[in-house]
Amino acid sequence: MIQHFTPDFASLEDVKVSRLEKQEIMDAFSSLDERLVHAKDGKEAIAIVKEYFALSDDLSSAISLIYIRHQVDTQDEYYKELSDLIDEIMPEISAVTNQFDKDFYESPFRKELVEEFGQLYFDQVALSMKTFSEEIIPDLVEENKLVSEYIQVISSALIEFKGEKYSIPQMGKFTNSLDRETRLEASKKVWGFYADNDEKIGGLYSKMVEVRTRIAHKLGYKNFLQLAYDRMGRLDWTPEDAKVYREKILKYIVPLSNSIFAAQKERLGFGKDTRSSDFAIFYSTGNPTPKGTPEELVSAAKQMYSELSPIASKYFNFMVDHKCLDLVAKKGKAGGGFMDYIPGLKTSFIFANFNGTSGDVDTLTHEFGHALQGFLGGEMTNVPSYRTPGMECAEMHSMSMEFFTYPWMNLFFKEDTDKYCYQHLCDALTFIPYGCIIDAFQAYVYENPTLTHEERKAYWRQLEKQYLPHKDYWDNPFLESGGYWMRQHHVFENPLYYLDYTIAQVVALEFFAESREDEKKAFEKYIAFDKLGGRYSFRELLKTAGIKNPMDGDTLKEVASSTMDYLKQFDPAKLDK
Ligand SMILES: [Zn+2]
């Protein structure tokens with residue numbers, strides 16, 4: 001049987017995970033499927049589906065815990081083996097659970113099942129069935145292989161710098177260096193790597209576009225664009241909506257972002273000699289940093305959440321007390337940061353690598369925004385896919401929390417508080433045009449699948465000139481030829497996903513404006529939104545939560561103007577002292 005988890009643990013570290021036995025797991029799901037097919041009435045079918053959800057929760061809890069343990073200590077042999085095992089056995093297990101979904105969809109007791117679980121669940125199952133057929137299995141294998149090859153090319157990069165060899169992420173500390181010579185040299189090296197691999201990466205991307213287009217044709221789509229939307233479960237918005245939204249970004253957000261970049265250029269003071277890589281530096285005096293040890297930052301966060309709201313405080317303290325936060329970088333620990341919800345334990349978990357930058361504080365706000373939604377969504381429903389909203393909404397919870405916590409940033413940044421808030425808000429705004437062209441680029445590529453690599457690059461450069469006109473690549477012919485997108489791994493790994501971040505960013509700015517009017521009321525609205533989880537599709541969810549859709553009406557215009565009002569209180573030149 002699959003290991004059963006219960007929420008009565010004292011410390012997450014002590015929860016043991018047993019080995020996954022493929023055959024037992026498959027048998028368990030198959031026997032539920034068998035019973036569902038032979039159910040006598042709606043009541044029995046409902047009970048079986050509930051068992052299926054509980055079983056799925058146990059399996060996904062085991063998978064989450066294995067993944068977490070492996071990330072926390074990549075040297076641990078037991079969890080490394082279990083983690084490899086998951087990759088090996090999941091395709092076969094998915095085949096059985098897909099069959100269950102299919103039989104659920106075709107059940108003669110649909111009326112009763114819809115009454116119990118809602119129409120949305122059927123719509124979700126229908127959409128995932130539409131994006132798959134036996135015929136495309138070899139193409140899917142090829143697609144995954146190409147993605148792995150891209151990851152391999154990027155992650156195996158070793159860049160020689162000042163007598164040592166570094167990976168691309170490791171070069172980050174040099175490309176962001178306050179020392180200009182280091183920064184420009186490091187940046188030249190990193191882009192040199194992409195220039196050297198231009199043909200290779202471009203060739204991989206061409207093959208990806210080709211195989212994705214082929215899959216789309218086999219499934220009866222005109223091109224890959226709509227299929228990408230269907231794969232992501234976008235039930236009620238279309239590539240056309242995205243197009244209109246991108247035009248509004250150009251109209252309302254780009255002028256603001258241009259003014260932010262112009263002020264930045266002025267502060268840096270390099271005049272005509274400014275290089276695109278200088279924009280990595282926001283203040284000539286360096287970035288704001290949190291003051292204090294990781295323990296002090298956590299206790300500041302405890303104080304912050306206790307003053308913000310009893311609900312936030314309750315769950316943050318729970319995570320601290322039950323050791324559901326692993327924040328400090330250590331030997332053998334994987335890089336990056338994430339939040340994961342473990343349904344069987346009814347808890348969220350946060351993984352991070354504190355490194356003394358403002359990103360440490362972002363973890364305590366952003367990832368906790370995800371975590372809080374996990375807790376509240378988990379309490380509201382037993383249907384796994386209803387706990388958290390779709391991909392376009394998931395980041396709304398986390399990005400909004402970054403803004404709700406502004407009044408407490410002095411606990412972390414002391415004398416750097418204004419410096420932090422101004423930069424954080426500017427970054428939020430200037431990100432939107434960038435996220436927008438990552439989307440525009442891909443939409444164009446998949447609508448015109450026969451373009452050459454050079455034509456794609458030219459189109460990218462054209463988009464940059466429109467949306468990010470401050471980018472002047474007079475010193476870098478590779479970037480001038482339109483190669484920047486090749487470093488954005490989402491373009492390769494998660495086609496057409498990136499726009500979601502910009503949508504979430506706009507919603508976060510809406511919450512920010514409301515919190516400045518009435519913080520308590522805005523936070524109550526946010527908690528209610530958390531609790532709705534994923535029980536509605538995108539448009540319905542926003543409507544139910546009382547959030548204006550970033551794509552509709554004048555939302556972007558209003559958000560731009562309220563954000564600008566707030567930004568006006570800062571004198572960035574003064575902050576840069
Ligand atoms: Zn996030």
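Please read these numbers as outputs of a predicted model, since none were measured by experiment.

All right, on to the coordination of the zinc ion then. Coordination of the zinc ion by the protein comes from His366 (NE2), His370 (NE2), Glu395 (OE) and Glu395 (OE), over a distance range of 2.1 to 2.6 Å. Its 4 donor atoms give the zinc ion angles of 53 to 144° at the centre, a pattern that matches the irregular case. The motif formed by the donor residues of the zinc ion, counted along the single chain, is H-x3-H-x24-E. One end of the pair, histidine 366, is in helix H14 (residues 359–380); the other, glutamate 395, is in helix H16 (residues 391–404), and 29 residues separate them in sequence. Judged by relative accessible area, histidine 366 falls into the buried class, the value being 13%. With a relative accessible area of 15%, glutamate 395 lands in the buried category.

What follows deals with the environment of aspartate 241. Relative to the assigned elements, aspartate 241 resides in helix H11 (residues 239–268). Residues aspartate 241 and tyrosine 194, spaced 47 residues apart in sequence, show a C-alpha to C-alpha distance of 33 Å. Dropping the residues within four chain positions of it, aspartate 241 is found in contact with Asp236, Arg539 and Met551.

Taken as a whole and assessed by the stated rule, the structure comprises 61 aromatic pairs. Taken together, a centroid distance of 5.8 Å and an interplanar angle of 80° make the contact between phenylalanine 318 and phenylalanine 375 edge-to-face. You can see phenylalanine 318 sitting in helix H13 (residues 310–321) and its partner phenylalanine 375 sitting in helix H14, a full 57 residues away along the chain. According to the relative accessible area criterion, phenylalanine 318 is partly exposed, its value standing at 24%. Its end group placed over the ring of tyrosine 484, lysine 471 keeps NZ or CZ at 3.9 Å from the ring centre. Above the face of the phenylalanine 512 ring, arginine 516 is positioned so that its terminal group lies 4.4 Å from the ring centre.

Before going further, it helps to examine a nonpolar patch on the surface. Together, Phe132, Ile137 and Val141 make up an exposed nonpolar region whose accessible area comes to about 250 Å². Within the secondary structure, isoleucine 137 sits in helix H6 (residues 137–155). Isoleucine 137 gets classed as partly exposed once you look at its relative accessible area, which sits at 37%.

Below, the discussion takes up the side chain of glutamate 464. Along the chain, glutamate 464 falls in helix H19 (residues 453–467). A relative accessible area of 0% means that glutamate 464 is categorised as buried. Not counting chain neighbours up to four residues away, the residues in contact with glutamate 464 comprise Ile437, Pro469, Lys471, Tyr473 and Tyr484.

Let us look at the nonpolar core. Across soluble globular proteins, nonpolar side chains have a tendency to be buried as a group. Formed by 197 residues in total, the largest nonpolar core has its most connected members in Tyr194, Tyr205, Phe368 and Phe412. At 18 residues, helix H18 (residues 417–447) tops the list of elements feeding residues into this core. Setting aside anything within four residues of it in sequence, one finds phenylalanine 368 in contact with Tyr305, Ala312, Tyr315, Phe316, Met319, Ile350, Thr363 and Met401.

Segmenting the chain into domains produces domain 1 (12–134), domain 2 (139–286 + 425–493) and domain 3 (294–413 + 500–544). Here domain 2 packs against domain 3, burying approximately 1,400 Å² in sum over the two surfaces, 65% of which is carbon and sulfur. Looking at the side of domain 2 facing domain 3, the largest losses of area belong to Asp236, Trp237 and Leu425, adding up to 37% of the total buried there. Put simply, domain 2 and domain 3 have 2 salt bridges between them. Here aspartate 500 makes a salt bridge to arginine 234, at a shortest N to O gap of 2.5 Å. Linking domain 2 with domain 3 are 8 residue pairs in polar contact (both at pLDDT 80 or more). Looking at the side of domain 2 that touches domain 3, the elements with two or more residues in it are H11 and H18. Element by element, the count of residues in the side of domain 2 that touches domain 3 is highest for H18, at 7 residues.

Okay, helix H2 (residues 42–72) next. A rise of 1.5 Å per residue sets the reference length of H2, with its 31 residues, at 45 Å; its end C-alpha atoms lie 44 Å apart and thus fit the reference within 8%. Counting buried residues along H2, 22 of its 31 residues qualify, which places the element largely inside the surrounding structure.

What counts and what doesn't
- Think of each chain on its own: its residues are numbered from 1, step by step along the sequence as written.
- Residue-level local features of this predicted model are given only where pLDDT is at least 70; pairs of side-chain atoms are given and counted only at 80 or more, and the full residue set underlies all totals for whole chains, interfaces and linings.
- Excluding hydrogens and water, the side-chain values take into account all heavy atoms of the structure.
- A 2.8 Å cut-off from the metal defines N, O and S donors, relaxed to 3.2 Å for Na, K and Ca; water is not in the atom list, so some sites may appear incomplete.
- Geometry assignment treats four donors as tetrahedral when all angles are between 85 and 135 degrees, treats four as square planar and six as octahedral when opposite donors are over 155 degrees apart and all others between 65 and 115, and treats everything else as irregular.
- Only runs of H or I of at least four residues qualify as helices and only runs of E of at least two qualify as strands under DSSP, and these elements are numbered from the N terminus.
- Accessibility here uses a 1.4 Å probe with only protein chains present; expressed as a share of the type maximum, an area under 20% marks a residue as buried, one over 50% as exposed, and anything in between as partly exposed.
- Any two residues having at least one pair of non-hydrogen atoms within 4.5 Å are treated as being in contact.
- In summary, the pairing rule links any two rings of Phe, Tyr or Trp, Trp by its six-membered ring, whose centres are within 6.5 Å, and it sorts them by plane angle into stacked for under 30 degrees, edge-to-face for over 60 and tilted for everything else.
- Cation placement over rings: the criterion is NZ of Lys or CZ of Arg within 6 Å of the ring centroid and within 35° of the ring normal.
- Patch members must show over 30% relative accessible area and no salt bridge, and they are joined within 9 Å when carrying like charges or within 5 Å when they are nonpolar side chains of Val, Leu, Ile, Met, Phe, Trp or Tyr.
- A 1.4 Å probe and the Shrake-Rupley method give the accessible areas. Residues count as covered only by the protein chains that appear here.
- Salt bridges, as used here, are contacts in which a Lys or Arg side-chain nitrogen is within 4 Å of a carboxyl oxygen on Asp or Glu.
- Here the nonpolar core consists of buried residues drawn from Ala, Val, Leu, Ile, Met, Phe, Trp, Tyr and Cys, with membership extended through side-chain atoms lying within 4.5 Å.
- Annotation comment: domain bounds sourced from an automatic or database domain assignment.
- Computed with a 1.4 Å rolling probe, the buried area is the accessible surface lost when two parts are put together, summed over both parts.
- Identification of polar contacts relies on pairs of N or O atoms within 3.5 Å, with a donor-acceptor requirement for protein atoms, meaning one able to donate a hydrogen and the other able to accept it, and with residues adjacent in sequence counted only if both atoms are side-chain atoms.
- Expected helix span is taken as 1.5 Å per residue step, with the number of steps being one fewer than the number of residues.

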